[in-house]
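A structural walkthrough
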Amino acid sequence: EFGLAGIALTSLMLPLGILLAIAAIVRRMKAGDAHPFDDTLYNVLDMCTFALLMIASIAAVTRRLDWHRRFTFGAAVCLVGPAISRWIFGPWFIAVPPLPPFTDMAPSLIADLFLVALLLHDRRTLGRVHRATWWP
């Protein structure tokens, strides 16, 4: 079943993500990067938030399906920010001068637009914003 496969993948995300963040720092240090820790804080925070939301989602799956769906959606949004940063700020797209903290926070803020869409969906379908939507 997809749910069990999702739990298996979720359990691997945090440890593998942390290992990859460390490997990226080491790779940048070996390459002589002046700022090897750039993006690391936000990526680790996104991974930890993803893990917490997925734990809440798994806990709510049998009792509160509406909460489960919103927690899973919020967890997925946590993964979109780093993906956006690699796409927009990648060497093949546009050259963006580093403007900390904009270059660190901007991809996550762009990803948060998905949460705004969920808020609007709740207002349209429920007439109010669901309580679980405020958590992510």
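Reading guide: rules and limits
The numbering scheme is per chain: residues are counted from 1 as the chain's sequence reads. Residue-level local features of this predicted model are given only where pLDDT is at least 70; pairs of side-chain atoms are given and counted only at 80 or more, and the full residue set underlies all totals for whole chains, interfaces and linings. Values reported for side chains reflect all heavy atoms of the structure, with hydrogen atoms and water molecules removed beforehand. A run of H or I in DSSP becomes a helix once it reaches four residues, and a run of E becomes a strand once it reaches two; helices and strands are each numbered from the N terminus. When a residue's accessible area, from a 1.4 Å probe over protein chains only, is under 20% of the maximum for its type it is buried; when over 50% it is exposed; and in between it is partly exposed. Only heavy atoms enter the contact rule, under which two residues are in contact if any of them lie within 4.5 Å. Grouping buried Ala, Val, Leu, Ile, Met, Phe, Trp, Tyr and Cys residues that are joined through side-chain atoms within 4.5 Å yields what is termed a nonpolar core. Note on method: axes are straight lines fitted to C-alpha atoms, helices fitted across the in-contact stretch only, with angles between N-to-C directions ranging 0 to 180 degrees. Oblique is the label for every angle not falling under 35 degrees (roughly parallel), over 145 degrees (roughly antiparallel), or within 65 to 115 degrees (roughly perpendicular). Residues are grouped as follows: Ala, Val, Leu, Ile, Met, Phe, Trp, Tyr, Cys and Pro are nonpolar; Asp, Glu, Lys and Arg are charged; all remaining types, including Gly, are polar. Should a side-chain nitrogen of Lys or Arg be within 4 Å of a carboxyl oxygen of Asp or Glu, the pair is scored as a salt bridge. Patches draw on residues past 30% relative accessible area with no salt bridge. Two like charges within 9 Å are joined, as are two nonpolar side chains (Val, Leu, Ile, Met, Phe, Trp, Tyr) within 5 Å. For every accessible area listed, the method is Shrake-Rupley and the probe measures 1.4 Å; residues are considered covered only by the protein chains on display. Each residue after the first adds 1.5 Å to the expected span of a helix. Counting of polar contacts relies on pairs of N or O atoms within 3.5 Å, with two restrictions inside protein: one atom must be capable of donating a hydrogen and the other of accepting it, and residues adjacent in sequence are counted only when both atoms are side-chain atoms. A residue's pLDDT is the predictor's confidence in that residue, given on a scale from 0 to 100. Note: the arc covers the axis-to-C-beta directions of the helix.

Now for the overall build of the chain. For the chain, the count of helices and strands is 5 helices and 0 strands. For the chain, the sequential pattern of α-helices and β-strands runs α-α-α-α-α. Split into buried and exposed, the 136 residues of the chain put 32% on the buried side. Excluding contacts between residues fewer than 6 apart, the proportion of contacts in the chain whose partners are at least 24 apart in sequence is 56%.

Moving on, we come to the nonpolar core. Judged by nonpolar contacts, Phe50, Leu53, Met54, Ala60, Trp67, Phe71, Ala75, Cys78 and Ala132 together constitute the single largest core of 9 residues. When residues no more than four places from it in sequence are discounted, the contact partners of Ala75 are Phe50, Leu53 and Met54.

Axes are the key here: two packed helices are described by the angle between their axes and the distance separating the axes. Two numbers describe how helix H1 (residues 2-30) lies on helix H2 (residues 40-60): the axes approach to 10 Å, and their chain directions differ by 175°. Our classification of the angle between H1 and H2 gives roughly antiparallel. Contacts between H1 and H2 involve Ile7, Thr10, Met13, Leu14, Gly17, Ile18, Ala21, Ile25 and Arg28 from the first element and Thr40, Val44, Met47, Cys48, Phe50, Ala51, Met54 and Ile58 from the second. In the contact of H1 with H2, the residues fall into 13 nonpolar, 3 polar and 1 charged.

The subject of this paragraph is the pattern of salt bridges. Throughout the structure, instances matching the rule amount to 2 salt bridges. Note that Asp66 and Arg64 form a salt bridge whose closest N and O atoms lie 3.9 Å from each other. For Arg64, a relative accessible area of 39% corresponds to the partly exposed category. A salt bridge links Arg70 to Asp122, with the shortest nitrogen-to-oxygen separation between them at 2.7 Å. Of this pair, Arg70 sits in helix H3 (residues 65-88) while Asp122 sits in helix H5 (residues 113-126); the two residues are 52 residues apart in sequence, bridging distant segments of the chain.

Take a nonpolar patch on the surface next. Where nonpolar side chains cluster on the molecular surface, the patch consists of Ile110, Leu113, Val116 and Leu120 and spans about 370 Å² of accessible area. Of all the elements, H5 adds the most residues to the nonpolar patch, at 3 residues.

Attention now moves to H1. Between its first and last C-alpha, H1 extends 40 Å over 29 residues, near the 42 Å set by a 1.5 Å rise per residue. Turning to H1, its buried residues are Thr10, Gly17, Ala21, Ala24, Ile25 and Arg28. Immediately downstream of H1, the backbone of Gly32 shows phi near 80°, a positive value.

Here we come to the side chain of Asp46. With respect to the helices and strands, the residue Asp46 is situated in helix H2. A residue is classified by how much of its surface remains accessible, and Asp46, at 14% relative accessible area, is buried.

This part covers the environment of Asp122. Exposure remark for Asp122: the relative accessible area of 0% places this residue in the buried category. Beyond its immediate chain neighbours, meaning those up to four positions away, Asp122 contacts Arg70, Gly127, Arg128, Val129, His130 and Thr133. Engagement of the side chain of Asp122 in a polar contact is seen with the backbone nitrogen of His130, the distance being 3.2 Å.

Next up on the list: the confidence of the model for the chain. This prediction gives the chain a mean pLDDT of 84; 86% of its residues lie at or above 70. The secondary structure element of the chain with the lowest average pLDDT is helix H4 (residues 102-111), at 76, and the one with the highest is H5, at 92.

As a further point, take H5. Compared with the 20 Å implied by 1.5 Å per residue over 14 residues, the 20 Å span of H5 between its first and last C-alpha is a close match. Among all positions of H5, only Leu115, Leu118 and Asp122 are buried. Taken around the axis of H5, the buried residues stretch over an arc of 50°, which confines them to a single face. Residues of H5 that are exposed and point more than 90 degrees away from the buried face comprise Leu113, Leu120, Arg123 and Arg124. In the segment just after H5, Gly127 is the residue with positive phi, at about 85°.

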